[in-house]
Amino acid sequence: GISHILDASRKMRFDQTCHLILRCLEYISCNPLEKAAIRRAADSSSSNVSDASSNNMNETSAESAVPSLKETKRAILSNPVVGAALFEIFSDVLLYTPVSAASSLIPYGMSTSGYQRLINGAASGKMVGGNSKNWKEEFASRARLRELKLKMLELIAPCRRFALFLFDDEKSSDDASKVATSEKVENECSSQYNPTDNGALLSSKERAMGISRTVALMVLLTGDSDPDVKSKAESYLRAHMDSYRGKDAEKSEVDESSLHDALLGNSAAMAQSLLTLVIGGVASISVTNRLMSQYKLERSVDTLKLGLSVSYHVDNTMETHQKALLSCCRKKVDEFTSAKALKFVAKMLEENPKLFHLSDLQIDESDVAAVSIGSLTLSAFGDLRQPGSSGSAAVESVASLLNALCLRLTMFYDARMKQSGVETSRARIRQILAKSMVQASAVLAPMSSGHGGSSTMGSSAKTANTQLDIRDHCYGVVCTLARSTFCLDERGALYDCGNSRSFPENTNQTHFNRTLKSISTASMLFGCVANEVEMLRPRATSALDALLSAYVRVVTSTSENARRIDDGKSNTKTESIPTTSTNPWADIRINDAVVDKKNDNTKEIDGLSRSLAPLLWTSSRRSQPKSSRLAAVRWSNELLIHLDAKNAIHLLCFLSGDDDATVSMIAK
C-alpha cells in the first residue's frame, strides 16, 4: 500500500529507518575489520584452536546473538518487500548527483519522495565535513560522493565479500546446471525466512530476483559521470558476466537458458525495470495500465507488474493516492545511463533466445513478457528520438535494442502463425512489429529524400558515426520484418512504412488486395540506396532485396489464390509465380479482350505494376548511382516481369545499354 506516505508520522519513521540503514551500510563498508582478507585470517586461526577457554565460549555465544552475514542475506532475499526497499535505497544513492542549494530540481533517476528522504537525513559528525547540517551538504562535493558510491558498490558486487543480494549455497554455488533444476523444487522451498532454522531454503525465484538487483545496480553505475565509479562498475560487471565462461564447456547437459538465469536472474523483471528507469515511472505506469486491459490471467497481470523496485497498490479513484503515487515515480535517468541500460537490455535479447518463453506457448497470454518489453522499448524510442538528438548515444542504443527486439518478436510471431487459438496474441505482436516499422521508417525517411546527409556535415566525427549506427540498426529492422511471415500480413504494414490498413469485412477482397497498392517502403528504400553514404549503401541494398523477396512471396500467394478461384479446385497444383508468354506482344488483342474477366486479385496485381513501373524507371536513370540501377534490374527481372512483362522488358532493354558493364551484363 501507500498509506505510509499519506500519514506524516509514518512517513517520517520510514524515512528515518531508511536513512539509518544507509548509515549502517556505509559504516560496514568502511570498517577495516570486515575486510575479506582479515576476516579469512581470523576464521582460519580460530579453526586451528582445539580447546577454547570459557571466556571464548562466552564471546562465541554473544556473537551468535548477532545475525551473521549469511542470515542477513537470507532475510533480505526471502522477504520481497525488504529486498525491493533495499534496492530502492541503493538506487537513490547510486543515481544521486549534487544539486545547487538554490535549485529545486530533482536529479535524474530519482523520485520526489526518495530525493527528499535522502537529502533531509542527518549528517554524520564523525565524517569529513562534520559541520554539515544534513546529508545533502555532507555529500555536496564530488569526492565525498564518489567515495560513498564506491563503498556501496563494494557491498553489492558479486566478486566481493558482502554481495548483499546474492546467497551462495556451499552445495550449489559452483554448479550452473542446478539452476535449471531448482525450479522443480520451488514449491517445496519455504519462501519465508525462519530465524530459528539455519537451514531454511530460498526458492529459485528469490535467488533470481537477488541476482537481477545486483546486475541492475552495476549496470546503472556503468553510466555514472565519475570515471572512477564507472570504471570500477564496468570491471565488476564484466567479471560477473565472465564468471561461468568455460566452466561448463565439457557439460553438454547444461542448458544455455539456465546459464543466463544464473548470470542475470529474472531477465524479464530486470529488462522491465531498466526500461522503466529509461522512460520514467509515470510513462511506465501508463504503458502497464494500457496492457493490463488486454490480459485476464492472474499470472499475466503479475508479469506486467514484475519489477525490482517496490510496487505500490493504490486506489485510482482517490486523488490523494494518485498524488502519493506520482511522488514515488522516478524521473528518467540521464542520457549516458540510458545508453548503458539500453545496450545491456539489447545484449540480453541477443544472447538469450528464450527470454520471452515464460510459460506454455500454446496459451494465448504467454506473450505477456514480449508485449510488455516491446511496448516499453517503443515508448523509449519515441521519447529519446527528439529533434536535435539524432546523434545521441542513447538513440543509438535504443535503435540497437529495437533491432534485437524485432529479431526475437518475429521468431515469436512466426511460431504463432503455426498455432491455432492464439489470434489475439498474434494481433498484439503484429501491432508491436508495425510500430517498430513506423519508427525505423521515420529514421530512414530523411536519408531517402536526400536531406539526411546534411545534418552530419557540421557535426563531429563521433556524432556522424553514431548517426550511421542508428540507420544501420533501422536497416536491420526492415530486413528482419521483410524476411519473416510478417510480410504476409493482410494489413500490409511492411509495405506502407508501418501504417496498417483496415478494410470492411463484408467486401469480397481477399488478403492482399489492398496491400499490393502501396509502394511507400519501396520508394523510401530506393531513395536510401540512391542517397546513402558509401559505408551504409550495402545495408540499404540488403533491405531493398529483402523487401523484394517479401513482394515475391505476396504475389506468389495472391496468384495461387486467384488460380484456385478460377479453377474451383482448392488442391490444384500451381506454379509459384504467374507464368508469362515468351513474346508478351504476341497476344495483345487477346489480353485486352479478357481484361474485364480478371478477378479482384489480378486487378490488384495490375495496380501494383502500375505503381511500381514509374519507380523503377526513375531508379534506372543514368544519373542514379550504380546500386540503384542494379536494384532496378533485379526488381524488373524478379517481380515486374511477372506483373507487367511489356514494361519490364522495355526497362531491361534500356538498362542493357548502360555505361556500367555490370549493370549492362545483368540486364542482358
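Preceding this paragraph is the structure being described.
These notes cover the structure that comes with them. Please read all numbers here as calculations on a predicted model, not as lab measurements. (Residues numbered from 1 in each chain as written. Predicted model: local features only at pLDDT ≥ 70, side-chain atom pairs only at ≥ 80, totals over all residues. Heavy atoms only, no water.)

### Re unusual backbone geometry
The test is simple: Helix and strand definitions here come from DSSP, where helices need a minimum of 4 consecutive H or I residues and strands a minimum of 2 consecutive E residues; each element is numbered from the N-terminal end. Exposure categories follow from relative accessible area, calculated using a 1.4 Å probe and restricted to protein chains: below 20% of the type maximum is buried, above 50% is exposed, and the middle band is partly exposed.
In this structure, Ala 163 is a non-glycine residue whose phi angle is positive, near 45°. When you line up the elements, Ala 163 lands in the loop between helix 9 (142-156) and helix 10 (177-181). Of note, the phi angle at Cys 497 is positive, near 55°, even though the residue is not glycine. Within the secondary structure, Cys 497 is located in the loop between helix 22 (461-482) and helix 23 (520-531). Residue Cys 497 is classed as buried on the basis of its relative accessible area of 17%.

### Comments concerning the packing of aromatic side chains
Keep this limit in mind: Each Phe, Tyr or Trp ring, with Trp reduced to its six-membered ring, pairs with another whose centre is within 6.5 Å; inter-plane angles below 30 degrees give stacked pairs, above 60 give edge-to-face pairs, and intermediate values give tilted ones.
Inspection of the entire model under this criterion finds nine aromatic pairs. Arranged with centres 5.8 Å apart and planes meeting at 65°, the rings of Phe 90 and Phe 165 form a pair that is edge-to-face. With Phe 90 in helix 6 (residues 80-95) and Phe 165 in the loop between helix 9 and helix 10, the pair connects residues that are 75 residues apart, well separated along the chain. For Phe 90, a relative accessible area of 1% translates into the label buried. A relative accessible area of 0% places Phe 165 in the buried class. Seen in terms of ring centroids, Trp 135 and Phe 139 are 4.7 Å apart; in terms of plane orientation they differ by 35°. Their pairing is tilted. Residue classification places Trp 135 among the buried residues on the basis of a relative accessible area of 0%. A relative accessible area of 0% places Phe 139 in the buried class.

### Some words on the side chain of Ser 372
Test applied: The criterion used for residue contact is that any of the two residues' heavy atoms lie within 4.5 Å.
With respect to the element layout, Ser 372 can be found in helix 19 (residues 368-384). For Ser 372, a relative accessible area of 5% corresponds to the buried category. The residues contacting Ser 372, other than those within four sequence positions of it, are Gln 272, Leu 291 and Leu 304.

### Looking at the packing of helix 18 (residues 335-351) against helix 20 (residues 393-417)
What counts is decided by this rule: Note on geometry: axes are C-alpha line fits, over the in-contact stretch for helices, and angles between N-to-C directions span 0 to 180 degrees. Orientation labels follow simple angle bins: below 35 degrees gives roughly parallel, above 145 gives roughly antiparallel, 65 to 115 gives roughly perpendicular, and whatever is left gives oblique. Helix crossings fall into two classes, left-handed where the near helix is turned counterclockwise from the far one by less than a right angle and right-handed where it is turned clockwise. Amino acids are sorted into nonpolar (Ala, Val, Leu, Ile, Met, Phe, Trp, Tyr, Cys and Pro), charged (Asp, Glu, Lys and Arg) and polar (every other residue, Gly among them).
It is the contact of helix 18 with helix 20, at a shortest axis distance of 8 Å, that shows an interaxial angle of 20°. Here helix 18 lies roughly parallel to helix 20, going by the angle between them. The way helix 18 lies across helix 20 gives a crossing that is left-handed. Here Glu 335, Ser 338, Ala 339, Leu 342, Lys 343, Val 345, Ala 346, Leu 349, Glu 350 and Glu 351 of helix 18 lie close against helix 20, whose contacting residues are Ala 393, Ala 394, Glu 396, Ser 397, Val 398, Ser 400, Leu 401, Ala 404, Leu 405 and Arg 408. Its residues placed into classes, the contact of helix 18 with helix 20 shows 11 nonpolar, three polar and six charged.

### Considerations on helix 5 (residues 69-78)
Three or more residues of helix 5 are buried, namely Glu 71, Lys 73, Arg 74, Ile 76, Leu 77 and Ser 78. Considering only its buried residues, helix 5 is in contact with helix 6 and helix 11 (204-221).

### Thoughts on the packing of helix 11 against helix 18
In the contact formed by helix 11 and helix 18, the axes pass within 8 Å of each other and the chain directions differ by 135°. Between helix 11 and helix 18, the crossing angle belongs to the class labelled oblique. Two secondary-structure elements touch here, helix 11 through Val 215, Val 219 and Leu 220 and helix 18 through Thr 337, Lys 340, Ala 341 and Phe 344. By residue class, the composition of the contact of helix 11 with helix 18 is five nonpolar, one polar and one charged.

### Regarding the nonpolar core
Put simply, the test is: For the purposes of this section, nonpolar cores are sets of buried Ala, Val, Leu, Ile, Met, Phe, Trp, Tyr and Cys residues that join through side-chain atoms within 4.5 Å.
One finds Phe 90, Phe 344, Phe 356, Leu 494 and Trp 635 to be the most contacted residues of the largest nonpolar core, which totals 155 residues. Tallying contributions element by element places helix 20 first for this core, with 12 residues. Excluding its chain neighbours within four sequence positions, the residues that come into contact with Trp 635 are Ala 522, Phe 526, Leu 544, Leu 547, Leu 548, Tyr 551, Leu 612, Leu 616 and Leu 640.

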